[in-house]
Amino acid sequence: MNANHSSTALALRLQSQDATREPSAVRYVLIGIALLFFVSCLMFPLVLVFVEAFRQGSAVFFAALVEPDTLSAVKLTLLTAAVAVPLNVIFGVAAAWAVTKFRFKGKSILTTLIDLPFSVSPVIAGLMLVLLFGTQGWWGEWLQDRDVAILYAVPAIILATVFITVPFVARELIPLMEAQGTEEEEAAIVLGASGWQTFWKVTLPNIKWGLLYGVILCNARAMGEFGAVSVVSGHIRGETNTLPLHVEILYNEYSYSAAFAVATLLALLAIVTLIIKTWVELRQERQ
């Protein structure tokens, strides 16, 4: 009895210890470095954005937010995200399902292509759309003859955003679905469930938190994308400027307070995204 009690106490004591055995001084130094980096490189610049936005008073701040060009940029940003995110959800779920549930030739190629937007500069992504839909591009003349506007219009902005945000949903789901395996789906099929019934009743409930997490990240990137959208938008004020592009234009025009005021919208988006992300992680841990 005493031996069992001693072994249990030893196990609990070992579980309570840290995973490493560095001296306390080393741990405090590492924690201090992490906190210093977090405050100096993340929190301090974020606070400065709000300070600069209100430097000339709240009247200037709110005037910049309700300006027609700003409202147009907000609408275009929301529209772009509203189209790009659902498309990437469909693609991400389909790609993750294909990669994790089926065996086929070229699976590794598909997995590599999903990661392509991570390795290609957003500016290059925009230039690829220019080569496709520009006046001298592959389909530019054909589109111009039919009076179809892709480049320097909303469709190009959406296409660029979709390309840049492709990996976020798929990359969240693939490791999760690989870890879950195929046993539950196979059991459902044996019991007579169809493919759709298996997906809705078995697969989707198992991946809902990972899917939601991917949607959050995808939406945040879609609203904050700058490089690819800058190349294909044409910078037409009130028409093809998203929020990041509108901030750039205001800053280049030396309207610093207005630029920082609009930038607070993107900063608030980042804060809300972080809050929702933390909430999702807490809910996932409790299940």
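Since the model is a prediction, treat every value here as computed from it, not as a measurement.

Section: the UniProt feature "domain: ABC transmembrane type-1" (unreviewed entry) in the protein
Feature annotation in UniProt places "domain: ABC transmembrane type-1" (unreviewed entry) on residues 74-277, given in this structure's numbering. Within residues 74-277, the helical portion is 79% and the strand portion 0%, while the C-alpha atoms at the span's ends are 22 Å from each other.

Description of the pattern of salt bridges
This structure, assessed with the given rule, holds 5 salt bridges. In this structure, Asp115 engages Arg171 in a salt bridge whose closest nitrogen and oxygen atoms are separated by 2.8 Å. Taken together, the residues Asp115 in the loop between α5 (107-114) and α6 (116-119) and Arg171 in helix α9 (residues 154-180) connect sequence positions 56 residues apart. Judged by relative accessible area, which is 26%, Arg171 ranks as partly exposed. Linking Arg221 and Glu225 is a salt bridge whose minimum nitrogen-to-oxygen distance equals 2.9 Å. Arg221 gets classed as partly exposed once you look at its relative accessible area, which sits at 28%.

As for helix α3 (residues 58-65)
At 3.6 residues per turn, the α-helix brings residues three or four places apart onto the same side. By the burial criterion, the buried members of α3 are Phe61, Ala64 and Leu65. Burial along α3 is one-sided: seen end-on, the buried residues are contained in an arc of 100 degrees.

Remarks on the packing of helix α4 (residues 68-101) against helix α11 (residues 195-224)
Between α4 and α11, the least distance of the axes is 9 Å, while the angle of their chain directions is 140 degrees. With respect to their mutual orientation, α4 and α11 come out oblique. Judged by the twist between their axes, the crossing of α4 over α11 is right-handed. For the pair α4 and α11, the contacting residues are Thr77, Leu78, Ala81, Val85, Asn88, Val89, Val93 and Trp97 in the first and Phe199, Thr203, Leu211, Val215, Cys218, Asn219, Ala222 and Met223 in the second. The residue inventory of the contact of α4 with α11, partitioned by class, reads 12 nonpolar, 4 polar and no charged.

The rules behind these values
Residues numbered from 1 in each chain as written. Predicted model: local features only at pLDDT ≥ 70, side-chain atom pairs only at ≥ 80, totals over all residues. Heavy atoms only, no water. UniProt positions renumbered as here; feature names shortened; annotations may be inferred. Helix = DSSP H or I, 4+ residues; strand = E, 2+ residues; numbered from the N terminus. Salt bridge = Lys/Arg side-chain N within 4 Å of Asp/Glu carboxyl O. Buried < 20%, exposed > 50% of the residue type's maximum accessible area, 1.4 Å probe, protein only. Arc of directions from axis to C-beta. Axes fitted to C-alpha atoms, helices over the stretch in contact; angles between N-to-C directions. Parallel < 35°, antiparallel > 145°, perpendicular 65-115°, else oblique. Left-handed = near helix turned anticlockwise from the far one by under 90°. Contact = heavy atoms within 4.5 Å. Nonpolar A, V, L, I, M, F, W, Y, C, P; charged D, E, K, R; others polar.

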